[in-house]
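# Results of the structural survey
Chain by chain, the residues:
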Amino acid sequence: MITQGKLSSLFLLLALFVTGTAFTNPEIPANEAKGSITGLVLDALDQAPVAYATVSLHETEGDALINGTITDEDGRFEILAVKNGSYRVEISFLGYEAISKQGVIVKGGNATDLGTIQLSTAAEMLNEVTVTGQRALIEEKVDRLVYNAEQDQLSRGGDAADVLRKVPLLQVDLEGNVSLRGNSNIRVLINNKPSTIIAGSVADAMKMIPADEIKSVEVITSPSAKYDAEGAGGIINIITKKNNLAGYFLNVDTGVGLRGSNLGLNGSYRAGKFGMTLGGRGRAFYNDAETSLQQTFLTSSTSQFGDAADNGLFGRFNLGLDYDLSKTQFLSGGVSYGVRNFSRDQLQTTSIFDNEEALITSFLQDIDSERKSGTYDFNLDYLKVLAPGRELSISSLYSTTDEGSDFISANLDEQEILVDQLQNLNDNTNKEFTLQADYIHPVGDNQIFEIGGKGIMRQVNSDFSYLSATGTGPFTTDANRPSGQLDYQQDILAAYTAYTLSLPADVTVKAGLRWEQTMLEATQNGEGIDLPDYANLVPSINLSKKVGNSTTVKLGYNRRIQRPWLRQLNPNVNLQNSQSIEVGNPLLRPELTDNFEVGYSSMVGKTYFNLSLFGRNSNNAINQVRYPLDSLEGTLLTTYENIGQERAVGLNAFVNIYLTSNWTINGGIDLDYANLKGQVTGADGVSVTATNSGINYGGRMMSQLKMGNGWSAQAFTFMRGRRIQLQGSRGGFGMYALGVNKSFNDDRGTVGISAENFAAQGWTLRSELETSTFSQVREDLLLNRNVKLTFSYKFGQLDASKARSKTRGVSNDDLMGGGDDNGGGAAAPAGQPARRSKAVKPATTKKAKKTEEEKSK
C-alpha cells in the first residue's frame, strides 16, 4: 500500500528541480549580448490563443531561415539569441492564413515585442467572401484531434453520447458504449479530470452529461509518458462550457422532445483576483424498446420476447472557485455532483424447447429494474510560476460514487396473476484519493524537461443479496440464491519523465518513460483473494514533421495498461434475465497493449484532409466470454476473462470541405481488421482455444449552412457497422438528423427545431454469437424517432481584456478515470479548462525575465 513515506520520497525528487540551481539556462557573455523577439498569436475570430503555430525568423532579403520556434499553449512565443539587425518574421499554422512581419528590428541586445498577432482561419479566405465568424468544427493539434461541439446544434437536448457519435475516430453504440478505433478500453476525462462517475460504466456516465454542456471533445490516440498508463485505446477529454472573463454571465438552456426534455443554468462571476462558477443541468428521457433473444444449445433452445418502457433522470451540478494569491501563485478548487436514476419496466415471455423443438416450459415475467448513483468530486490545486515557462503544480482530488443496481422479477401465470417474486439488491461504492506534483523546466530555446510523481489510493466495495416472496407477501432472504461482499483495494504509485526537442526543418520529438507500481489487496466474503502486485515501465515517443505551411506528418508509439473495470470485477450474480446470467470476475489481471500510429494531414485550397494508419497488439486481453450452464437448462453465463491476444490494424480518414464561407460539409470513415485469439474456460472447467477475426467499420457525414439573418441549418448521418467479438459479432446501426436554428438579439438567444430518424420507427441492433456448444441471436429495437424544440438565452456582460490565467490539477486517466497530458494534471480554475502545452517553451534570458516582471507590475 502507498504510505506517507513513499509519497514523501517521490515528491522530494521534484523539489530538487525547483531550488533554482538545476538546469539553469546558460548566460550569454556581455560581449556577445543578443536580443530576442516575442509576441502573442491569437485566433482572429474568438481571440483564443493559437498553440503550436510555427514562427520563423528570416533575413529581410531572401528566404534563408535563421531561427524559429513554436507558440506555447497560451499562444506566446520567444526567439532568443538574435543578432542586431533587420528581419522578417513569418507566423503560420494549419488552417490559418500565414502572416509575414517585415522590417523587424533588433538592436542593443534588447527584446523586440511584436505584440498581438491575429491569424484568420482558412474559411475566412475562401473566394474573398465575407467572414462569417464560425470556428472550425474539427481542429488538429500536435497530440490530439479536437471536435468543437459548440458548432453542433443537432445534439442540443441530448447527452454526451449524441455528441461523441459525431467525433472522428470514435464509435458509439445504441447503449452509449464508446470505442476508439474499435477499442472500448479507453479513458474518459471531464475537464481534464477523472471522476468515479466513469468507474462503473462509460455508457452510464455519458447519460449524465448533457450535450448542451459540452464545449469540445479531445481525442488523444498517442498519449505521452505524462499520462497515466491506463487506457489501451487512448483518452477522450470532454471539455465543458466555462468562462474566464471578468464580469458576470448566466446562460439558460431548455428543450422538449418526444424522447426527452432538458433544463440547464450555468453562470459565472469574476472580479479582480476572485472567480466563481455555478451551474446545473438536468435531463429526463423516456423511450420504448422491443427485444428478442434466440439461444440454441446441444440439447435445448430458448426463445425470449419482451416489451420495455425506459425512463431516466440525469443531472450534473458544479461549483468552482479560484483566487490569485499573487502574480505567480494561483489557487483553485471545486466540487461537482452527478446524479443518475434509470428505470426499465419490461414484460418478458420465455419458452424453452428440447432438441426436437418440443416445448419444455414457458413462463411470463414482469421485470422492474432500477439503477441509481450519486457522485461527488472535490479538487484543490496550486500552481507556482517560478519563471516564464518554469512551473510547479501540486494537485489533489477526492472522488466518491455510491451506486445501487436493483431489480424485482415477478413470475406471472397464464392469467397474468402474480405467483412469486425475486429481488436483487446490489450496492456499490467507489472512493479514491489522488495527490500529484508536476514540474516543467525549459532548457535552452528548443528543449523542455518534465518530471512528475503521483499516488492514487482507491477502494471499491460491492454488497449483493437476493430476497424472495410468494405472491404479494413480504420479501425474505433467499438462502438458495448467491449473496456476498467484495472489498477491493488498489493503490498506484507512479513517476515519469519526459523530454521534448525541437529540431531544424520543423521536426519535433517528444520521448518519455513512466513507471507505475500497482498494489492490490482484496477479500470476497471475508476471505482473502490472491492478487499479486505488479510494476510496469511504460515508454512513449512521438515525432512530428511539418511540410510547408499546410501539411503535417506524425509518427507515434506508446505502451498502455488496461486494468479491469469495476463492473468487470463485480461478483454479483445478475439473475435479471434467468436465461442469460451475468457475473464479474475479481481475479482479472491487467492487459498490456502496444500502439503504433502514422498520421498525415493537409489543407489544400478549400479542403482539409486527415489520414491515420494504426496498429495495436494486446496481450492478456480482457474480453467478455459466454458459455452454457449444464445445471440450468437453456441458460447462458456471461463473464470476463483474460483471453490471450488481440491484434488490430486499420485506418481513419476525415475530410472537411468549405463549399463557401457559409457552407461546409465533412465526413469520415473508420476501418480496422481485428484478430482475437485466446483460451476460454468452459462450464466443465476445460480450457478451449477460441479465435475470431473480421473487419470493423463505421462512418459519419455532416453539413452546416449559415443562411443569414441569424438562420442556420445542419444535417447529420452516422453508421456503425458490426463489431467483431471473440465468440461472434455485435450488430451495427445508423441514425440521421436534420435541424434549423434562429438566433436573435445579437446572438444572445437561439431557438431551434430538429428531427431524428423521422423516416422509420427505429433501429434494430442485431448481435450474433457462435461456438461449438451454443449459438445466440439477439435483436433490440430502439424506438428512437424524435422531434425536439430547443431554446437558449445568455445574460450578462463580460470583459475580454481581463481574462484569468489557468492552473494545473489532478487527472487520473487510469482505471476509474482519465487524464490530461500532465500525466495527471490540472484542474481548471472556475473559468478555464486546464491544458498544458505540448510545445517547447523557450528558455528566457535574465533580461527577458526582467522585462516580463516589469510588465506584470
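Keep in mind that this is a model prediction, so the values were computed, not measured.

### Regarding unusual backbone geometry
- Although it is not a glycine, Glu 357 sits at a positive phi angle of roughly 65°.
- Relative to the assigned elements, Glu 357 resides in the loop between β19 (329-354) and β20 (359-387).
- We classify Glu 357 as exposed; its relative accessible area is 67%.
- Although it is not a glycine, Asp 747 sits at a positive phi angle of roughly 65°.
- The topology assignment puts Asp 747 in the loop between β39 (733-744) and β40 (749-756).

### Things to note about the pattern of salt bridges
- With the rule as written, the count across this model stands at 20 salt bridges.
- In this structure, the salt-bridge partner of Asp 253 is Arg 281, at a minimum N-O distance of 2.9 Å. Of this pair, Asp 253 sits in strand β15 (residues 246-257) while Arg 281 is found in strand β17 (residues 274-297), placing the two residues 28 residues apart along the sequence.
- Classification of Asp 253 by relative accessible area gives buried; the value is 4%.
- By relative accessible area, which is 5% here, Arg 281 ends up buried.
- A salt bridge links Arg 563 to Glu 516, with the nearest nitrogen and oxygen atoms 2.7 Å apart.

### Brief notes about the packing of aromatic side chains
- Applying the stated criterion across every chain yields a total of twelve aromatic pairs.
- Judged by centre distance (5.7 Å) and plane angle (15°), the ring pair of Phe 285 and Phe 314 falls under stacked. Taken together, the positions of Phe 285 in strand β17 and Phe 314 in strand β18 (residues 300-324) put the pair 29 residues apart, joining distant regions of the chain. For the pair Phe 285 and Phe 314, one class covers both residues: buried.
- Seen in terms of ring centroids, Tyr 376 and Phe 378 are 6.2 Å apart; in terms of plane orientation they differ by 10°. Their pairing is stacked.

### Remarks on the pairing of strand β4 (residues 76-82)
- Most of β4 sits inside the fold, with five of its seven residues counted as buried.
- Taken together, the five bridges between strand β1 (residues 35-43) and β4 define a ladder with antiparallel strand orientation. Across the sheet, Thr 38 pairs through a bridge with Glu 78, a residue of β4.

Rules of the game
- Residues numbered from 1 in each chain as written.
- Predicted model: local features only at pLDDT ≥ 70, side-chain atom pairs only at ≥ 80, totals over all residues.
- Heavy atoms only, no water.
- Helix = DSSP H or I, 4+ residues; strand = E, 2+ residues; numbered from the N terminus.
- Buried < 20%, exposed > 50% of the residue type's maximum accessible area, 1.4 Å probe, protein only.
- Salt bridge = Lys/Arg side-chain N within 4 Å of Asp/Glu carboxyl O.
- Phe/Tyr/Trp six-rings, centres within 6.5 Å; stacked < 30°, edge-to-face > 60°.
- Pairing = 2+ DSSP bridges.

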